[in-house]
Amino acid sequence: MRKIFIISILYIISSNVTSQEIKILANYSNSGYQKFRSNWGYQVAYDQYTEKQHKYGIGFSQSFYHQYYEYIFASDADGIDYYRKAQAKNSLISTDLHYLFQINSTKNSTTYIGPGLSFNFFHIDEEIEETEYQTTSEVKIYNLNYWDILRPGLGFIIEYEHQVSDMPFFINFSTFPQIIFYTMPNTKGSSTPTFVPLISVNLGLSYRFGNE
């Protein structure tokens with residue numbers, strides 16, 4: 001995944017002479033899925049500007065959920081409710097495609113807004129302590145380790161840039177609320193949600209180069 005992203009960026013840069021932008025950002029995400037309730041990570045993105053100073057591009061992000069949490073799991077297999085304590089070391093890898101319209105511009109600042117399409121890869125790595133709910137049954141300890149891959153998401157991006165010097169460096173802030181389509185509705189035996197609301201906030205620096 002990382003190699004594909006890097007190769008794509010280098011190809012786009014080498015095949016264009018108009019204004020371009022590279023962004024390196026810190027990332028915080030919060031979702032409606034307990035296994036990824038709050039994540040910290042990073043994002044790297046590339047944008048290509050149009051003649052009207054709108055822009056389109058591709059981004060790559062990786063975030064991590066390393067926390068302890070508890071929950072009740074209702075098993076469809078045996079009809080028993082289980083109480084679980086989970087030590088999570090989960091991670092989320094995402095690639096997004098976006099097209100942003102310039103809606104406001106001053107001498108040093110610009111605001112953009114536009115749609116974003118993401119493809120998400122969820123890595124679940126959790127150590128579980130499990131007992132039957134409201135009983136004194138023996139504790140079972142085991143590990144969950146699997147991927148839920150290529151989960152598409154659709155949302156809307158708002159981005160703000162402010163130039164910090166005479167050099168083409170910008171403080172970049174963006175937010176990307178989206179809905180991720182996680183599983184098919186009414187999937188038998190699945191405890192995962194059908195939809196996962198996810199909002200990401202990014203803050204960092206961007207560098208613009210090429211011809212305006």
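Our structure is the block above this text.
Because the structure is a prediction, the values reported are computed rather than measured. (Residues numbered from 1 in each chain as written. Predicted model: local features only at pLDDT ≥ 70, side-chain atom pairs only at ≥ 80, totals over all residues. Heavy atoms only, no water.)

(A) Quick look at the environment of Asp148. Looking at the secondary structure, you find Asp148 in strand E8 (residues 140–163). Overall, the relative accessible area of 10% leaves Asp148 in the buried class. Taking the C-alpha atoms as reference, Asp148 lies 9.5 Å from Thr183; in sequence the two are 35 residues apart. Beyond its immediate sequence surroundings of up to four residues, Asp148 is in contact with Asn120, Phe121, Phe122 and Tyr182. Side-chain polar atoms of Asp148 contact the side chain of Tyr182, separated by 2.6 Å. (Helix = DSSP H or I, 4+ residues; strand = E, 2+ residues; numbered from the N terminus. Buried < 20%, exposed > 50% of the residue type's maximum accessible area, 1.4 Å probe, protein only. Contact = heavy atoms within 4.5 Å. Polar contact = N/O pair within 3.5 Å; in protein donor to acceptor, adjacent residues only side chain to side chain.)

(B) Region of the structure containing the pairing of strand E10 (residues 195–209). Pairing geometry for strand E1 (residues 20–31) and E10, over 12 bridges, is antiparallel. Counted as the bridge partner of Tyr28 is Val201 from E10. As paired elements, strand E9 (residues 169–181) and E10 share 13 bridges and run antiparallel to each other. Paired with Phe176 across the two strands is Ser200, which belongs to E10. (Pairing = 2+ DSSP bridges.)

(C) Seen up close, unusual backbone geometry. The backbone phi angle of Gln53 is positive, close to 70°, even though this residue is not glycine. Mapped onto the elements of the fold, Gln53 is located in the loop between strand E2 (38–49) and strand E3 (55–65). Unusually for a residue other than glycine, Leu150 sits at a positive phi of about 55°. Along the chain, Leu150 turns up in strand E8.

(D) Spatial organisation of the nonpolar core. The biggest cluster of nonpolar side chains holds 18 residues, and the ones touching the most others in it are Phe36, Tyr69, Tyr71 and Phe122. Contributions of two or more residues to this core are made by strand E4 (68–74), strand E5 (81–88), strand E7 (109–132) and E10. Among all residues touching Tyr71, those that are not within four sequence positions of it are Lys35, Tyr82, Tyr83, Arg84, Ala86 and Ile128. In terms of nonpolar packing, the next biggest core, distinct from the first, is built from 5 residues, Tyr49, Leu100, Tyr112 and Phe176 among them. (Core = buried A, V, L, I, M, F, W, Y, C linked by side-chain atoms within 4.5 Å.)

(E) Just a nonpolar patch on the surface, in detail. The grouping of Tyr160, Val164, Met167, Phe169, Ile171, Phe173, Ile199, Val201, Leu203, Leu205 and Tyr207 at the surface amounts to a nonpolar patch, some 920 Å² of accessible area in total. Among the secondary structure elements, those contributing two or more residues to the nonpolar patch are E9 and E10. Ranked by the residues each element gives to the nonpolar patch, the list is headed by E10, at 5 residues. Looking at the element boundaries, Phe173 is found in strand E9. (Patch = residues over 30% accessible without salt bridge, like charges linked within 9 Å, V, L, I, M, F, W, Y side chains within 5 Å. Areas by Shrake-Rupley, 256 points an atom, 1.4 Å probe, with all protein chains shown as cover. Salt bridge = Lys/Arg side-chain N within 4 Å of Asp/Glu carboxyl O.)

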